[in-house]
Amino acid sequence: MLLGVNIDHVATLRNARGGVEPSVEKAAEIAENNGATSITTHLREDRRHIKDEDVYALSQILKTRLNLEMAMADDIQAIALDVKPYSICLVPEKRQEVTTEGGLDVAGQLAKVTEFINPLLDAGIIVSLFIDPDEEQVKASAKTGAQFIEMHTGAYAESFGYKEEEEEFQKLKKSAELAQSLGLQVNAGHGLNYENVHRMHEIEGLHELNIGHSIISRAVFTGLAEAVSKMKEMIK
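A brief report on the enclosed structure follows. (Residues numbered from 1 in each chain as written. Predicted model: local features only at pLDDT ≥ 70, side-chain atom pairs only at ≥ 80, totals over all residues. Heavy atoms only, no water.)

1. Some points on the pairing of strand E8 (residues 206-211)
Each regular strand carries side chains that alternate between the two faces of the sheet.
Reasoning step 1: Burial analysis of E8 places 5 of its 6 residues in the buried class, the great majority of the element.
Reasoning step 2: Strand direction decides the pairing type here: strand E1 (residues 2-6) and E8, joined by 4 bridges, are parallel. Across the sheet, the residue bridging to Gly4 is Asn210, located in E8. (Buried < 20%, exposed > 50% of the residue type's maximum accessible area, 1.4 Å probe, protein only. Helix = DSSP H or I, 4+ residues; strand = E, 2+ residues; numbered from the N terminus. Pairing = 2+ DSSP bridges.)

Here it is as structure tokens:
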């Protein structure tokens, strides 16, 4: 499996005081040098952490791949079409949420999602849809033309160590199998950490894990290089 590192919360810390420290560009460089195969940034509609200029700057300096998380917003679509990141991951977004609370309802808005991602696909950008591990959502995703899904692992992460863990894990495993049978490639992320990530090895064919909060949290105590290297070692 590959490791995508989300650096949003480096920007959160920077924005707490304003200015330029800590640098998201430097964070991306350290992550790349220590095993990250892509750098993820979520350009939210309210710009609460990553800013437009961060996306443009990262697109110029990355040696690996830029993965842009985004909602179905026309202004952010325009930025994606201008920057042309390697990939985008379409996510739902609520202004008041602390973090992404669930997967995109592709099945309930199939035509809208398909129409929104078509210009991105035409521009040669890889498209992933962030969905809950649900059969209906997987099947709908396969109809949009997107090449990837990213399975929302939050329910598994929250149930890890409790009786519900196996049920939530099996949803991930079955959804991955279904997606691959329909021609989709599969990523996963949200809530994965150094304690629960090992079970992702039990899901055959996972392409990449996108992890941010746990890595940045560990980095506060051990440094970013060690935190990325340790996660990379755990998902090999």
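2. A few points about the side chain of Thr144
Reasoning step 1: By secondary structure assignment, the location of Thr144 is in the loop between helix H6 (135-142) and strand E6 (148-152).
Reasoning step 2: Judged by relative accessible area, which is 3%, Thr144 ranks as buried.
Reasoning step 3: Only 2.8 Å separates the side chain of Thr144 from the backbone oxygen of Ser141, close enough to count as a polar contact.
Reasoning step 4: A distance of 3.1 Å separates the side chain of Thr144 from the backbone nitrogen of Ala146, its partner in a polar contact.
Reasoning step 5: With near-sequence residues (within four places) excluded, Thr144 lies in contact with Val106, Leu110, Val113, Thr114, Ile117, Leu121 and Leu129. (Polar contact = N/O pair within 3.5 Å; in protein donor to acceptor, adjacent residues only side chain to side chain. Contact = heavy atoms within 4.5 Å.)

3. Brief notes about the packing of aromatic side chains
Reasoning step 1: In this structure the tally under the stated criterion is 2 aromatic pairs.
Reasoning step 2: With 6.0 Å between their ring centres and 70° between their planes, Tyr156 and Phe160 make a pair best called edge-to-face.
Reasoning step 3: Relative accessible area serves as the criterion here: at 25%, Phe160 is assigned to the partly exposed category.
Reasoning step 4: Note on Tyr156 and Phe169: the rings are 6.0 Å apart at their centroids and 55° apart in plane angle, and the pair reads as tilted. Of this pair, Tyr156 sits in helix H7 (residues 154-159) while Phe169 sits in helix H8 (residues 165-181), and the two are 13 residues apart along the sequence. Taken as a pair, Tyr156 and Phe169 share a single burial class, namely buried.
Reasoning step 5: A connected cluster of aromatic rings, assembled from ring pairs, spans Tyr156, Phe160 and Phe169.
Reasoning step 6: In this arrangement the basic side chain of Arg199 is found over the ring face of Phe169, its NZ or CZ atom lying 3.9 Å from the centre. (Phe/Tyr/Trp six-rings, centres within 6.5 Å; stacked < 30°, edge-to-face > 60°. Lys NZ or Arg CZ within 6 Å of the ring centre and 35° of its normal.)

4. Quick notes on the environment of Asp82
Reasoning step 1: Structurally, Asp82 can be placed in helix H4 (residues 74-83).
Reasoning step 2: The spacing of Asp82 and Ala123 is 41 residues in sequence and 9.6 Å in space, taken between C-alpha atoms.
Reasoning step 3: A distance of 2.7 Å separates a polar atom in the side chain of Asp82 from a polar atom in the side chain of Tyr56.

5. A look at the pattern of salt bridges
Pairs can form between side chains of opposite charge whenever their charged atoms are close.
Reasoning step 1: Inspection of the entire model under this criterion finds 12 salt bridges.
Reasoning step 2: Between Arg199 and Glu202 there is a salt bridge whose closest N-O contact spans 2.9 Å.
Reasoning step 3: As a salt-bridge pair, Arg218 and Glu226 come within 3.0 Å of each other at their nearest N and O atoms.
Reasoning step 4: Looking at Glu226, the relative accessible area reads 30%, which means it is partly exposed.
Reasoning step 5: Connected through salt bridges with shared partners, the residues Glu165, Glu166, Arg199 and Glu202 form a single ionic network. (Salt bridge = Lys/Arg side-chain N within 4 Å of Asp/Glu carboxyl O.)

6. Structural notes on the sheet that holds E6
Reasoning step 1: If you trace the 8 strands once around the closed barrel, you get E1-E2-E3-E4-E5-E6-E7-E8, paired in parallel fashion. Between one strand axis and the next, the sheet turns through 25° on average, direction left out of account.
Reasoning step 2: Direction of pairing for strand E7 (residues 185-189) relative to E8: parallel, over a ladder of 4 bridges. Its bridge partner lying in E8, Gly189 is registered against Asn210. (Axes fitted to C-alpha atoms, helices over the stretch in contact; angles between N-to-C directions.)

7. Examining H8
Reasoning step 1: Compared with an ideal rise of 1.5 Å per residue, which puts 17 residues at 24 Å, H8 spans 25 Å between its outermost C-alpha atoms and is within 8% of the ideal.
Reasoning step 2: Listed as buried for H8 are Glu165, Glu168, Phe169, Leu172, Ser175, Ala176 and Ala179. Projection of H8 onto a plane perpendicular to its axis shows the buried side chains occupying an angular sector of 125°, all on one side. Exposed residues on H8 whose side chains face more than 90 degrees from its buried face are Lys174 and Ser181.
Reasoning step 3: The inward-facing, buried residues of H8 contact H6, E6, H7 and E7. (Expected span 1.5 Å × (residues − 1). Arc of directions from axis to C-beta.)

8. A short note on the pairing of E7
Reasoning step 1: Within E7, 4 of the 5 residues are buried, which leaves it mostly tucked inside the rest of the structure.
Reasoning step 2: Pairing between E6 and E7: 5 bridges, direction parallel. Note on E7: the bridge partner recorded for Met151 is Ala188.

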